[in-house]
Amino acid sequence: MHHFHYRDGQLHAEDVAVADIAAAAGTPVYVYSLATITRHYRLYAEAMARAAGGPDRAHIFYAMKANSNIAVLETLAGLGAGADVVSEGEIRKAVRAGIPAAKIVFSGVGKTAAELAYAVDAGLYQVNIETEGELELLNRIAAAKGKRQAAVFRVNPDIGAGGHSKITTGSDANKFGVSFSEAERLYARAANMEGIAIKGLAVHIGSLIDELGDLQAAFRRMRQVTAQIRGTGLSVERLDLGGGLGIPYHIPKDFRHGPDLIDAYAEMVSRETGGLDVELGFEPGRIIVGNAGIMVTRALYLNPRQSKQFLVVDAAMNDLVRPAMYEAYHEIWPVNEPQEGGKTVAYDVVGPICESGDTFTEGRVLPEVKPGDLVAFMTAGAYGATMASTYNLRPLIPEVVVKGDRFAVTRPRQTYEDLIGIDRSPNW
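Attention here is on the structure that accompanies the text.

Reading guide: rules and limits
Residues numbered from 1 in each chain as written. Predicted model: local features only at pLDDT ≥ 70, side-chain atom pairs only at ≥ 80, totals over all residues. Heavy atoms only, no water. Helix = DSSP H or I, 4+ residues; strand = E, 2+ residues; numbered from the N terminus. Rg over C-alpha atoms; globule rule 2.2 N^0.38 Å. Contact = heavy atoms within 4.5 Å. Areas by Shrake-Rupley, 256 points an atom, 1.4 Å probe, with all protein chains shown as cover. Lys, Arg positive; Asp, Glu negative; His and termini not counted. Charge placed at Lys NZ, Arg CZ, Asp CG, Glu CD. Buried < 20%, exposed > 50% of the residue type's maximum accessible area, 1.4 Å probe, protein only. Polar contact = N/O pair within 3.5 Å; in protein donor to acceptor, adjacent residues only side chain to side chain. Core = buried A, V, L, I, M, F, W, Y, C linked by side-chain atoms within 4.5 Å. Pairing = 2+ DSSP bridges. Axes fitted to C-alpha atoms, helices over the stretch in contact; angles between N-to-C directions. Parallel < 35°, antiparallel > 145°, perpendicular 65-115°, else oblique. Expected span 1.5 Å × (residues − 1).

As a further point, take the overall build of the protein chain. A tally of helices and strands in the protein chain yields twelve helices and 21 strands. The C-alpha radius of gyration of the protein chain comes to 23 Å, within 12% of the 22 Å expected for a compact globule of 428 residues. Along the longest, intermediate and shortest principal axes, the C-alpha atoms of the protein chain span 70 × 65 × 40 Å. Taking contacts inside the protein chain between residues at least 6 apart in sequence as the whole, the part at least 24 apart equals 69%. With the model as given, the accessible surface of the protein chain reaches about 18300 Å², and the carbon-plus-sulfur share is 50%. Between the averaged position of the 43 positive side-chain charges in the protein chain and that of its 51 negative side-chain charges there is a distance of 3 Å.

Right, here's the structure in full:
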């Protein structure tokens, strides 16, 4: 469910006409519904509390790489969410948004010494260790500061899943985590380190997962390694199960999503972790914010060819890279509600960037669009703005949040002065 709908012939975000937002902020522009984010977080948190045996045993760490808008983070902080971060920048922004350091998990395969030192000083809930070298570095840093950093090992179960090869993370061919066969040895080593308080294990096998079989298999492997480690006399207090649940971009008839998928996932987690007596961690991202956001763009030109019709819009692959990078699908809705039975056209929807890869879709049948019309790319709340760039020296586009009948620009459009002014000419 999301809070984008037609009313009186106009697409609305909650109770605000999208055309009014475009008039105020310009296009392209990202628009987020805080009501949708709130609803999704509550559904997810309640389901995971059931799975873990109580809210005090389920810890939700929002994966802020999906969407790091300050108002989104502040909303989630107010709901009690922690954060899953992958850089010092994300730690700093999460804390600024009101998420306590004691509710932040630091993931990532390439953490630097400076980032680990910052994490130790901040007092994060845990660091998810992904290599033996990282274990050694974190131990040296924490011990030199007279601290013991809470940590878990991210284990690679050699079970990969996800909606695209580039977002599959649990296969042995992927760069993430320590190998399953090495987990017991490394855990025993960490238990004897001065600067490490080893707490448990973590796993994350991919993103955009809508079938639970691979997740179930991965969790069974985690249960196995937990038993092996406990068999040596060591304690395993935490099991971080990652994230990765899918959302409906393009919905085939057999796609389970929303509450159905969340509830089925929670039931599976309860079965697979029952009796382990561990606190469970979860790192949802896309499923919280994905369909809470849209990107609004304006049609610029029509460029007809003998075999196709190009529709050129003012958004480009630097603003929303998912179609170019992942061959991703986004529904495209006219901001003016189309008339039933009205004319339709098959469009190649493209942006202004000087690359053929700057294509959002090919041959998409849409209600007729004319230059000047507004259209919305749906389900753009995750991995849209956070993956944007200034390629072709195009300024970053604004982000707007909506709450009821109010909206606010939370990140203004980057100015050319901002964009070019960071350069420094050499002094020779």
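Regarding helix H5 (residues 113-122), the residues found buried are Glu-115, Leu-116, Ala-117, Ala-119 and Val-120. Of the surrounding elements, those touching the buried residues of H5 are helix H4 (88-96), strand S7 (104-106), strand S8 (126-129), helix H6 (132-144) and strand S9 (149-156).

Time to look at the side chain of Thr-27. The residue Thr-27 is located in the loop between helix H1 (18-25) and strand S4 (29-33) in this model. Under the relative-accessibility criterion, Thr-27 is labelled buried at 16%. At 2.6 Å, the side chain of Thr-27 forms a polar contact with the side chain of Asp-314. Residues in contact with Thr-27, not counting those within four places in the same chain, are Ala-22, Val-296, Thr-297, Arg-298, Asp-314, Leu-374 and Arg-413.

Turning our attention to the nonpolar core. What tends to happen in soluble globular proteins is that the nonpolar side chains get buried as a cluster. Among the nonpolar cores identified, the biggest contains 107 residues, and Tyr-44, Met-48, Phe-153, Tyr-265 and Phe-282 are the most heavily contacted of them. Per-element tally for this core: the top contributor is helix H2 (residues 34-52), with eight residues. Counting 18 residues, the second largest nonpolar core, distinct from the first, contains Ile-21, Ala-22, Leu-374 and Ala-376.

This part is about the sheet that holds strand S3 (residues 16-17). Reading across the sheet, the three strands line up as S1-S2-S3 and stay open at both edges, with antiparallel pairing between neighbours. Edge strands, defined here as strands with exactly one partner in the open sheet, are strand S1 (4-7) and S3. Across two bridges, strand S2 (residues 10-13) lies against S3 in antiparallel orientation. Pairing of His-12 across the sheet is with Ala-17, part of S3.

Now for the packing of H6 against helix H7 (residues 183-191). For the pair H6 and H7, interaxial distance at closest approach is 11 Å and the crossing angle is 5 degrees. Looking at the two axes, H6 sits roughly parallel to H7. Between H6 and H7, the residues in contact are Glu-132, Leu-135 and Glu-136 and Arg-185, Leu-186, Arg-189 and Ala-190, respectively.

Along its 19 residues, helix H8 (residues 213-231) runs 27 Å from first to last C-alpha, staying within 8% of the 27 Å computed at 1.5 Å per residue. Those residues of H8 that fall on the buried side of the exposure criterion are Leu-215, Gln-216, Ala-218, Phe-219, Met-222, Val-225, Thr-226 and Ile-229. Positive phi shows up at Gly-233, right after H8, with a value of about 95 degrees.

Purely geometric numbers; function is a separate question.
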